[in-house]
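Below are the chains, spelled out letter by letter.
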2 protein chains.
Amino acid sequence: MTDGVAERSRPRDRILETAQDMFHKHGIKGVGVDAITEAAGTNKMTLYRHFESKDELIIECLRATAAKASRIWDEFEAEHPGDKLAQLHAWVRKASQLLSADSRGCDMANAAVELSESDHPARRVIKELKEAQREKLVALCRDAGIGQAELLADTLSLLLEGARVSMQSVGAEGPSAQFVRMAESLIASFRAR
Amino acid sequence: MTDGVAERSRPRDRILETAQDMFHKHGIKGVGVDAITEAAGTNKMTLYRHFESKDELIIECLRATAAKASRIWDEFEAEHPGDKLAQLHAWVRKASQLLSADSRGCDMANAAVELSESDHPARRVIKELKEAQREKLVALCRDAGIGQAELLADTLSLLLEGARVSMQSVGAEGPSAQFVRMAESLIASFRAR
DNA sequence: TCTAGAAGTTACAGACCGGTAACACCCTAG
DNA sequence: CTAGGGTGTTACCGGTCTGTAACTTCTAGA
């Protein structure tokens, strides 16, 4: 018999998956460990046997989310082998799919907003993961033959980051609705230089 | 004798100003009403005599912050009377000043991230205020003689929103460092069309 | 100077939080 | 069959949170 949340797997995996989902939906400070374990079909003691604290659970969730996102890049390569420009367009399309209605945005950015303590252990993890993502996009732009690759990658990054947070303020019909047009126009402009 | 926080003014004003500051620095869920009243040199009962709940205090803080931001537009008009294009460049410069190190970003966007409950009373206020800001920027672009005023305004909005949240993830040396160059380049591009 | 309302003080209620202790249980490997 | 590790259960600790009650003190205006 399954459990709705996930196939009857090991408690640690269920906790991790459930926590990712609940942190994303309700925010990190908006959900307690009791609620997570209950939704995961287990209990608090088991959580603390696998994670030494809630902060460590947060960090593991961020790493897991980043790992999932990282796998998408493999799909780009698989769908458009060697064609870096096509992969860049695929990135735009994939990014725009993150802007569906009532999305809660980027987990790492949201965590950075919520965890305001400057010495919170998750902060350095967020920075590392975000920088890794940035370098991937820079490399993609460069390999696509774009001159100012860093500048285009950073511009696209800010546009997407802005779109994801804007959606949470004003919804999907706000400025973020024009994301694809903005991004494609930018890429065309950079290619023409 | 003054009190560090603010001149000896009326408790309600001190609470409002202190709450704005503390919500900005530590996040809404990261600060309790006790801490606010203590920092404001008053007490919890006085707070609840002026605000019927913490949620209402949050809303009043957002309105106050938006009102402050609104006054900046008057400065643009005062510094460059009638010259809407100069005012647009002033907007870019002012926006870039929001990207100083260890900034905590936009209060309204942060609140939208923190208050994940879709029916939270602050959500509609955030949406209203953000939409008002958007329309101001659209009007500025249009009056500056730019053809696709809405698209430029939305692009600039997303860039700034993204820069402000990116800073909280990766710091001021990340993609947000190029904000001015991106924005100016965009304006030039739209003007050339 | 007197008075009314604003502000301060203390204590408390009820809920939730992260985290731990002690113990019972189950299921699989040997 | 048995031993042991992973898991479940219950209860609890100390702390924090929003919000309220009852009472005292202050202060400005008539």
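Calculation criteria
- Residues numbered from 1 in each chain as written.
- Chains lettered and ligands numbered in written order.
- Predicted model: local features only at pLDDT ≥ 70, side-chain atom pairs only at ≥ 80, totals over all residues.
- Heavy atoms only, no water.
- Phe/Tyr/Trp six-rings, centres within 6.5 Å; stacked < 30°, edge-to-face > 60°.
- Helix = DSSP H or I, 4+ residues; strand = E, 2+ residues; numbered from the N terminus.
- Buried < 20%, exposed > 50% of the residue type's maximum accessible area, 1.4 Å probe, protein only.
- Lys NZ or Arg CZ within 6 Å of the ring centre and 35° of its normal.
- Near = heavy atom within 4 Å.
- Polar contact = N/O pair within 3.5 Å; in protein donor to acceptor, adjacent residues only side chain to side chain.
- Domains from an automatic or database assignment.
- Contact = heavy atoms within 4.5 Å.
- Salt bridge = Lys/Arg side-chain N within 4 Å of Asp/Glu carboxyl O.
- Axes fitted to C-alpha atoms, helices over the stretch in contact; angles between N-to-C directions.
- Parallel < 35°, antiparallel > 145°, perpendicular 65-115°, else oblique.
- Nonpolar A, V, L, I, M, F, W, Y, C, P; charged D, E, K, R; others polar.
- Buried area = accessible area lost by both parts, 1.4 Å probe.

Any chance you could explain the packing of aromatic side chains here in plain terms?
Geometry of an aromatic ring pair is reported as the spacing of the ring centres plus the angle between the planes. In this structure the tally under the stated criterion is 2 aromatic pairs over all chains. Judged by centre distance (5.8 Å) and plane angle (70 degrees), the rings of A:Trp73 and A:Phe76 are edge-to-face. With A:Trp73 and A:Phe76 both in helix α4 (residues 54–79) and 3 residues apart, this pair spans about one turn of that helix. Taken as a pair, A:Trp73 and A:Phe76 share a single burial class, namely buried. The ring of B:Phe190 carries the charged tip of B:Arg193 above its face, separated from the ring centre by 4.2 Å.

Just checking my understanding: could you explain the protein's contact with DNA strand C for this structure?
Taken together, 16 residues surround DNA strand C, and among them A:Lys44, A:Tyr48, A:Lys54, B:Thr42 and B:Arg49 come closest. Considering DNA strand C, the proportion of its atoms within 4 Å of the protein that are sugar or phosphate atoms stands at 52%. Within the side chain of A:Lys44, one N or O atom sits 2.4 Å away from a base oxygen of DNA strand C. Here A:Lys54 contributes a side-chain N or O atom positioned 2.7 Å from a phosphate oxygen of DNA strand C. Taken together, the elements giving at least two residues each to the surface near DNA strand C come down to α3 (44–50) of chain A together with α3 (44–50) of chain B.

Even after reading the chapter, I still don't get the domain arrangement of chain A, so can you show me in this structure?
Reports often express the size of an interface as the amount of accessible area lost when the parts come together. Residue and element names in this part refer to chain A. Taken domain by domain, chain A consists of domain 1 (1–51) and domain 2 (62–192). Contacts between domain 1 and domain 2 engage 9 residues on the former and 10 residues on the latter. At the boundary of domain 1 and domain 2, one finds 0 salt bridges. Taken together, domain 1 and domain 2 are joined by 6 residue pairs in polar contact (both at pLDDT 80 or more).

What is the right way to read the packing of helix α8 (residues 149–170) of chain A against helix α6 (residues 107–114) of chain B from this model?
The relative placement of two packed helices is expressed as an angle between their axes plus a distance between the axes. Relative orientation of the contacting elements α8(A) and α6(B) amounts to 80 degrees, with a least axis distance of 9 Å. Comparing the axis directions of α8(A) and α6(B) gives the class roughly perpendicular. Side by side, α8(A) and α6(B) meet where A:Val165, A:Gln168 and A:Ser169 of the first sit next to B:Met108, B:Ala109, B:Ala112 and B:Val113 of the second.

Sorry, what's going on with the protein's contact with DNA strand D here?
The full set close to DNA strand D counts 17 residues, and A:Thr42, A:Arg49, B:Lys44, B:Tyr48 and B:Lys54 are the nearest of them. Atoms of DNA strand D within 4 Å of the protein: sugar and phosphate make up 43%, bases the balance. Within the contact set of DNA strand D, a phosphate oxygen lies 2.5 Å away from a side-chain nitrogen or oxygen of A:Thr42. Sort the elements by how many residues they give to the surface near DNA strand D and α3(A) lands first, with 4 residues. Residues belonging to the surface near DNA strand D are distributed by class as follows: 6 nonpolar, 7 polar and 4 charged.

Mind showing me how you'd approach unusual backbone geometry here?
Its identity is not glycine, yet A:Asp102 carries a phi of approximately 45 degrees, on the positive side. The exposure class assigned to A:Asp102 is exposed, which follows from its relative accessible area of 71%.

Got a minute to help me understand the side chain of B:Asp154 in this structure?
With respect to the helices and strands, the residue B:Asp154 is situated in helix α8 (residues 149–170). Only 2.8 Å separates the side chain of B:Asp154 from the side chain of B:Arg134, close enough to count as a polar contact. Leaving out residues up to four positions away in the same chain, B:Asp154 has contacts with A:Pro175, A:Gln178, A:Met182 and B:Arg134.

What am I meant to see in the pattern of salt bridges here?
Pairs can form between side chains of opposite charge once their charged atoms are near each other. Residue and element names in this part refer to chain B. What the rule picks out here adds up to 16 salt bridges over all chains. Asp-154 is the salt-bridge partner of Arg-134, the closest N and O atoms lying 2.8 Å from each other. Residue Arg-134 is located in helix α7 (residues 121–143), and its partner Asp-154 is located in helix α8; the two are separated by 20 residues in the primary sequence. By relative accessible area, which is 27% here, Arg-134 ends up partly exposed.

Where do I start with helix α6 (residues 107–114) of chain A in this structure?
It helps to recall that an α-helix has 3.6 residues per turn; residues three or four apart then point in one direction. Within α6(A), burial applies to A:Asp107, A:Met108, A:Ala109, A:Asn110, A:Ala111, A:Ala112, A:Val113 and A:Glu114. Here the buried face of α6(A) lies against α1 (11–26), α4, α7 (121–143) and α8 of chain A together with α6 and α8 of chain B.

When you look at the interface of chain A and chain B in this model, what are you seeing that I'm missing?
At the junction of the two partners, chain A supplies 41 residues and chain B supplies 41 residues. Counting each side, the surface lost to burial between chain A and chain B is near 3300 Å², with a carbon and sulfur contribution of 66%. When the buried surface of chain A facing chain B is broken down by residue, A:Val113, A:Leu158 and A:Ser169 rank first, second and third, together holding 20% of it. On the surface where chain A and chain B come into contact, there are 0 salt bridges. The tally of links from chain A across to chain B stands at 6 residue pairs in polar contact (both at pLDDT 80 or more). Secondary-structure elements contributing two or more residues to the side of chain A that touches chain B are α1, α6, α7, α8 and α9 (179–192) of chain A. Per-element tally for the side of chain A that touches chain B: the top contributor is α8(A), with 13 residues.

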